[in-house]
Amino acid sequence: MTNKVTLTQFIIEQQREFPGTSGSFTALLNDIATACKKISHYVNRGELIGVLGSAESENVQGEVQKKLDIITNDIMVSALNWTGRLAGMASEEIDEMIKIPGHYPKGKYLVAFDPLDGSSNIDVNLAVGTIFSILRSREGIDADLQDFLRKGEEQVCAGFVLYGPSTMMVLTTGHGVNAFTLDQDIGEFILTHRDMRIPEETAEFAINMTNQRFWEPPVQRYIAECLQGTEGPLGKNYNMRWIASLVAEVYRILTRGGIFMYPLDCRNPEKPAKLRLMYEANPMAFIIEQAGGVCTTGRERILDIKPTDIHQRVPLILGSKHEVERIVRYHQEN
Ligand code: AHG
Ligand code: MN
Ligand code: MN
Ligand code: MN
């Protein structure tokens with residue numbers, strides 16, 4: 001049997017090399033991995049168990065929830081709230097911070113999560129995922145909002161699980177980015193992609209083009225130049241992808257480079273951005289930077305933003321270093 005390094009073995013070995021997190025951190029990651037294996041099972045079975053389609057309810061985001069938005073949220077909460085490792089949680093699907101029930105012990109970690117990212121894809125059988133961000137809290141207390149509203153720079157861990165043709169977990173604890181593929185035969189995440197690095201150059205962009213009339217000039221300028229191909233100032237022919245699933249776009253960029261943009265738009269002054277800082281932008285920013293990429297709003301580094309609300313939205317531009325730096329320059333010149 002080849003030496004298949006499991007997620008648990010990898011985390012313990014990383015802790016030996018980089019002491020700083022505790023045994024309860026390893027246990028917390030295992031709890032999250034167990035929840036995601038369960039989510040993978042539900043996502044893979046789909047209509048066989050009647051979990052597709054709309055739940056006819058609306059979340060705090062103003063989105064109509066899919067049944068699986070709610071099911072996956074409940075799987076995450078019930079996998080984590082009893083463990084004694086958390087001081088609190090936050091979820092895309094729940095308005096307020098999620099307190100640990102009084103009869104359970106409190107721990108020193110906070111988890112913010114998007115239980116089902118890209119959920120508009122679930123009924124058309126396209127890739128979806130779960131995104132999580134881990135902060136350290138004050139020990140053994142009920143976390144309050146201020147414990148959560150910390151810069152992304154303070155994350156101790158960020159990861160996502162992509163439920164695609166294979167189920168994969170991508171993880172960083174601040175020492176590079178590693179990816180694990182779920183071995184369905186033994187029910188373990190196995191290390192398959194060690195120390196992932198994003199190519200600094202790219203000729204592939206991901207953006208929802210239907211929002212073009214709402215973009216700011218720097219983004220208009222950049223996309224127009226991409227579409228001019230070799231005749232334009234960028235001097236190369238670009239390819240476009242849009243999967244409408246952040247986890248799938250980020251994983252593609254980790255494997256072959258690229259730039260993803262969900263920029264500011266003037267469509268809705270109350271909600272000038274779509275993606276959420278605490279459980280989408282921050283965890284992805286930590287992962288992207290740890291893999292040698294850049295992650296910005298166009299005007300500031302995502303990980304430097306001081307949050308004001310757990311459901312705060314931000315413009316998100318991430319990917320290959322040199323390409324994202326060009327966009328930042330265009331914002332500065334604007
Ligand atoms: P979620 O399904 O968790 O609400 O997130 C969906 C996000 C993100 O995954 C994706 O990149 C983006 O929404 C797609 O937005 P459009 O549907 O507007 O293209
Ligand atoms: Mn949603
Ligand atoms: Mn999402
Ligand atoms: Mn979601």
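Source: prediction; values computed, not measured. Residue positions are counted from 1 within each chain, in the order its sequence is given. For this description, chains carry letters from A and ligands carry numbers from 1, given in the order in which they are written. Under the rules for a predicted model, residues below a pLDDT of 70 receive no local features and side-chain atom pairs below 80 are neither given nor counted, while totals for whole chains, interfaces and linings still include all residues. The side-chain figures draw on all heavy atoms in the structure; neither hydrogens nor water molecules are used.

**Student:** What's the story with the coordination of the manganese ion (ligand 3) in this structure? I'm lost.
**Tutor:** Any N, O or S atom lying within 2.8 Å of the metal counts as a donor, with the limit raised to 3.2 Å for Na, K and Ca; because water is left out of the atom set, some sites can appear incomplete. Donor atoms from the polypeptide that bind the manganese ion (ligand 3) are D114 (OD), D117 (OD) and E280 (OE), placed at 1.9 to 2.1 Å. In the primary structure, the donors to the manganese ion (ligand 3) are separated according to the pattern D-x2-D-x162-E. Between the manganese ion (ligand 3) and the manganese ion (ligand 2) the interatomic distance comes to 5.4 Å. Of the two residues, D117 is situated in strand 4 (residues 109-117) and E280 in helix 7 (residues 277-290); the sequence distance between them amounts to 163 residues. Here a strand is any run of E in DSSP of at least two residues, a helix any run of H or I of at least four, and the numbering for each starts at the N terminus.

**Student:** So what exactly am I meant to see when it comes to the domain arrangement of the chain here?
**Tutor:** How big an interface is tends to be stated in terms of accessible area lost as the parts join. Domain start and stop points were drawn from an automatic or database domain assignment. Each assigned domain of the chain is listed here: domain 1 (7-193) and domain 2 (204-333). Using only C-alpha atoms to locate each centre, domain 1 and domain 2 end up separated by 24 Å. Contacts are assigned to residue pairs with any non-hydrogen atoms lying within 4.5 Å of each other. Across the boundary between the two partners, domain 1 contributes 49 residues, which contact 32 residues of domain 2. When two components associate, each loses some accessible surface as probed by a 1.4 Å sphere; the sum of these losses over both components is called the buried area. At the boundary of domain 1 with domain 2, total buried surface from both sides reaches about 3,000 Å², with 63% on carbon and sulfur atoms. What counts as a salt bridge is simple: a side-chain nitrogen of Lys or Arg found within 4 Å of a carboxyl oxygen of Asp or Glu. There are three salt bridges connecting domain 1 and domain 2. Note that E153 is salt-bridged to R301, the shortest N-O span being 2.7 Å. Polar contacts, as used here, are pairs of N or O atoms within 3.5 Å; protein pairs need one atom able to donate a hydrogen and one able to accept it. Residues neighboring in sequence count only if both atoms are side-chain atoms. The tally of links between domain 1 and domain 2 comes to 22 residue pairs in polar contact (both at pLDDT 80 or more). With six residues, the top contributor of residues to the side of domain 1 that touches domain 2 is strand 5 (residues 128-136). Note that Gly is not counted as nonpolar here; it falls among the polar residues with everything else outside the nonpolar set of Ala, Val, Leu, Ile, Met, Phe, Trp, Tyr, Cys and Pro and the charged set of Asp, Glu, Lys and Arg. Looking at the side of domain 1 that touches domain 2, its residues break down into 22 nonpolar, 18 polar and nine charged.

**Student:** Would you mind showing me how to read the sheet that holds strand 6 (residues 157-163) here?
**Tutor:** Strand pairing in a sheet is mediated by backbone hydrogen bonds. Such pairs are either parallel or antiparallel. Judged by pairing direction, the sheet is mixed, and its seven strands sit side by side in the order 3-4-5-6-7-8-9 without closing on themselves. The open sheet has two edge strands, strand 3 (86-91) and strand 9 (188-193), and neither has a second partner. Here the average twist between neighbouring strands, direction ignored, is 20°. Judged from the seven bridges that link them, strand 4 and strand 5 form a sheet pairing that is antiparallel. Paired with D117 across the two strands is G129, which belongs to strand 5. Each of strand 7 (167-172), strand 8 (177-183) and strand 9 touches helix 1 (residues 7-17); the most contacted strand, strand 8, lies at about 155° to it. Lines are fitted to the C-alpha atoms to define the axes, a helix being fitted only along its stretch in contact, and any angle between axes, read from their N-to-C directions, falls within 0 to 180 degrees. Packed on one face of the sheet, helix 7 meets strand 3, strand 4, strand 5, strand 6, strand 7 and strand 8 and runs near 85° to strand 5. By this definition, two strands are paired if DSSP reports at least two bridges between them.

**Student:** Looking at this structure, how should I read the site of ligand 1?
**Tutor:** Throughout, near means a residue has at least one heavy atom within 4 Å of the molecule or strand. Looking at ligand 1, there are 18 residues lining it, with D117, G118, S119, L246 and Y262 nearest. E92 places a polar side-chain atom, nitrogen or oxygen, 3.0 Å from an oxygen atom of ligand 1. Note that accessible areas follow from Shrake-Rupley with a 1.4 Å probe, and for residues the cover is restricted to the protein chains shown. Coverage of ligand 1 by the protein chains reaches 88% of its 470 Å² of free accessible surface. Contributions of two or more residues to the shell around ligand 1 are made by strand 4 and strand 12 (259-262). Among the elements that make up the shell around ligand 1, the one with the highest residue count is strand 4 (three residues). Tallied by class, the residues present in the shell around ligand 1 amount to seven nonpolar, four polar and seven charged. Viewed by domain, the shell around ligand 1 spans two of them, domain 1 (7-193) and domain 2 (204-333), each represented by three or more residues.

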